[in-house]
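Observations on chain architecture
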Amino acid sequence: MNTAAMLEVKGVAKAFGANRVLEGVSFEVGQGEIVGLLGPNGSGKSTLLNIASGFLDPDVGDIRLAGKPIAGMRTHALVQAGMTRTFQLPIMPQKMSVLEVAMAAATENHGLFSTVFRTAADRAAERSSRERAISLLDELLLTPVAHLPASAISGGQKKLLGIVCALMAKPRLLMLDEPTAGVHPNLRRDIVTVLQRLNAKGMTLVIVEHDMHFIREVCNRCIVLDQGEIVASCRPDELASNKRVVEAYLGASVAGGRP
Ligand SMILES: Nc1ncnc2c1ncn2[C@@H]1O[C@H](COP(=O)(O)OP(=O)(O)O)[C@@H](O)[C@H]1O
Ligand SMILES: [Mg+2]
């Protein structure tokens, strides 16, 4: 693994009104790492992912992608710079098919779906994005529903389609918010295989996830949040013996510290 930082999060704080959700959060993700982001419900994981991926501005703090600050960058610029993400609760358009949604996520499509003024370059871009979308839909087991409206597929299938869309942009850094929540257990195995294959080809991954089995199988390192602060950064096999992690999930009295 190359240790150059792909993602740097420095001194991030965020409050929603009086609710201080993140406080002094700093961490780095090295190129080629698979980092799990864990913590109890409401600990700030999705907010941190939203900030780290440029979807939400921090109140204070600095985010860098491969050494470059991302503050003020628009979403399409971040995607072009190599960063994509999926959402905890994906919302899909009503009037597009699964295949069309996947194709629309390709960065090279400018004239896609337009019926006038299409150049030869537009047609070539459409062909290449169609081929890539078909192959990714196949990899994520969505071929049987490729022609259904994207809004009509199951919640688990929408999560898979979210991964397909994120991969259409060929990211260097992919961040996933609970990729296996609500996904049928048989499909989890396939997600694990896909993520491991992407990582083997050099993609860096940051994954918010609750499933400990998944974390142990997939992640090199875990960062644990509790009430908006990082309480641990360790290997997955060190989680169970880390007092602060046990406290975060079960409370201080169970962890054996205080009454
Ligand atoms: N857009 C928002 N507006 C107001 N409060 C929010 C918003 N997003 C998250 N929160 C609050 O921030 C806290 C952390 O939420 P979240 O980051 O979703 O936690 P997690 O993903 O760890 O479950 C919660 O108290 C939640 O209600
Ligand atoms: Mg969340």
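Residues numbered from 1 in each chain as written. Chains lettered and ligands numbered in written order. Predicted model: local features only at pLDDT ≥ 70, side-chain atom pairs only at ≥ 80, totals over all residues. Heavy atoms only, no water.

What about the domain arrangement of the chain?
Parsing the chain into structural domains produces domain 1 (5-90 + 170-250) and domain 2 (93-152). Centre-to-centre separation of domain 1 and domain 2, based on C-alpha positions: 28 Å. In this complex, domain 1 contributes seven residues to the contact, which on the side of domain 2 involves five residues. Carbon and sulfur atoms supply 68% of the area buried between domain 1 and domain 2, which totals about 530 Å² over both sides. Three residues, Lys 170, Val 194 and Arg 197, lead the burial of domain 1 against domain 2; their summed loss comes to 51% of the area buried on that side. (Domains from an automatic or database assignment. Contact = heavy atoms within 4.5 Å. Buried area = accessible area lost by both parts, 1.4 Å probe.)

Concerning helix α1 (residues 45-52)
Side chains three or four residues apart in an α-helix point the same way, a direct result of the helix having 3.6 residues per turn. Among the eight residues that make up α1, six are buried, leaving the element largely enclosed by the rest of the structure. The complete set of buried residues in α1 reads Lys 45, Thr 47, Leu 48, Leu 49, Ile 51 and Ala 52. Positioned one or two residues after α1, Gly 54 has a phi angle of 80°, which is positive. (Buried < 20%, exposed > 50% of the residue type's maximum accessible area, 1.4 Å probe, protein only. Helix = DSSP H or I, 4+ residues; strand = E, 2+ residues; numbered from the N terminus.)

Comments concerning the site of ligand 1
Around ligand 1 sit Phe 16, Asn 19, Val 21, Pro 40, Asn 41, Gly 42, Ser 43, Gly 44, Lys 45, Ser 46 and Thr 47, and that is every residue in its neighbourhood. At 3.0 Å, a backbone N or O of Gly 44 approaches an oxygen atom of ligand 1. Within the backbone of Ser 46, a nitrogen or oxygen atom sits 2.9 Å from an oxygen atom of ligand 1. Considered on its own, ligand 1 offers 560 Å² of accessible surface; in the complex 57% of this is hidden by protein. Contributing elements (two or more residues each) for the shell around ligand 1: β2 (19-30) and α1. Per-element accounting of the shell around ligand 1 gives the leading share, three residues, to α1. Taken together, the residues of the shell around ligand 1 sort by class into three nonpolar, seven polar and one charged. (Near = heavy atom within 4 Å. Polar contact = N/O pair within 3.5 Å; in protein donor to acceptor, adjacent residues only side chain to side chain. Areas by Shrake-Rupley, 256 points an atom, 1.4 Å probe, with all protein chains shown as cover. Nonpolar A, V, L, I, M, F, W, Y, C, P; charged D, E, K, R; others polar.)

A short note on unusual backbone geometry
The residue Lys 170 is not glycine, and still its phi comes out positive at about 50°. For Lys 170, the location among the structural elements is in the loop between α5 (155-168) and β7 (173-177). The exposure class of Lys 170 is exposed, given its relative accessible area of 57%. Within the chain, Gln 227 stands out as a residue other than glycine whose phi angle is a positive 45°.

So, the coordination of the magnesium ion (ligand 2)
Ligation of the magnesium ion (ligand 2) by protein atoms is provided by Ser 46 (OG) and Gln 88 (OE1), these donors lying 2.1 to 2.2 Å from the ion. Taken together, the residues Ser 46 in helix α1 and Gln 88 in the loop between β6 (83-85) and α3 (98-104) connect sequence positions 42 residues apart. For Gln 88, a relative accessible area of 32% puts it in the partly exposed group. (Donors = N, O, S within 2.8 Å, 3.2 Å for Na, K, Ca; no water.)

A short note on the nonpolar core
In this structure, Leu 137, Leu 161, Val 164, Leu 195, Leu 205, Ile 207 and Leu 239 are the most contacted members of the largest nonpolar core, which totals 49 residues. When we break this core down by domain, the ones giving at least three residues each are domain 1 (5-90 + 170-250) and domain 2 (93-152). Not counting residues within four places of it along the chain, the set of residues in contact with Leu 195 comprises Leu 176, Leu 205, Ile 207 and Phe 214. One finds Val 12, Val 29, Leu 48 and Ile 223 within the second-largest nonpolar core, a separate group that totals 26 residues. (Core = buried A, V, L, I, M, F, W, Y, C linked by side-chain atoms within 4.5 Å.)

Comments concerning the packing of helix α4 (residues 120-139) against α5
One can describe the packing of α4 onto α5 by two numbers: an axis separation of 10 Å at closest approach and a directional angle of 140°. By the angle between their axes, α4 is oblique relative to α5. Taken as a pair, α4 and α5 cross one another with a handedness that is right-handed. Between α4, through Ser 129, Arg 132, Ala 133, Leu 136 and Leu 137, and α5, the contact on the second element is made entirely by Leu 161, Val 164, Leu 167 and Met 168. (Axes fitted to C-alpha atoms, helices over the stretch in contact; angles between N-to-C directions. Parallel < 35°, antiparallel > 145°, perpendicular 65-115°, else oblique. Left-handed = near helix turned anticlockwise from the far one by under 90°.)

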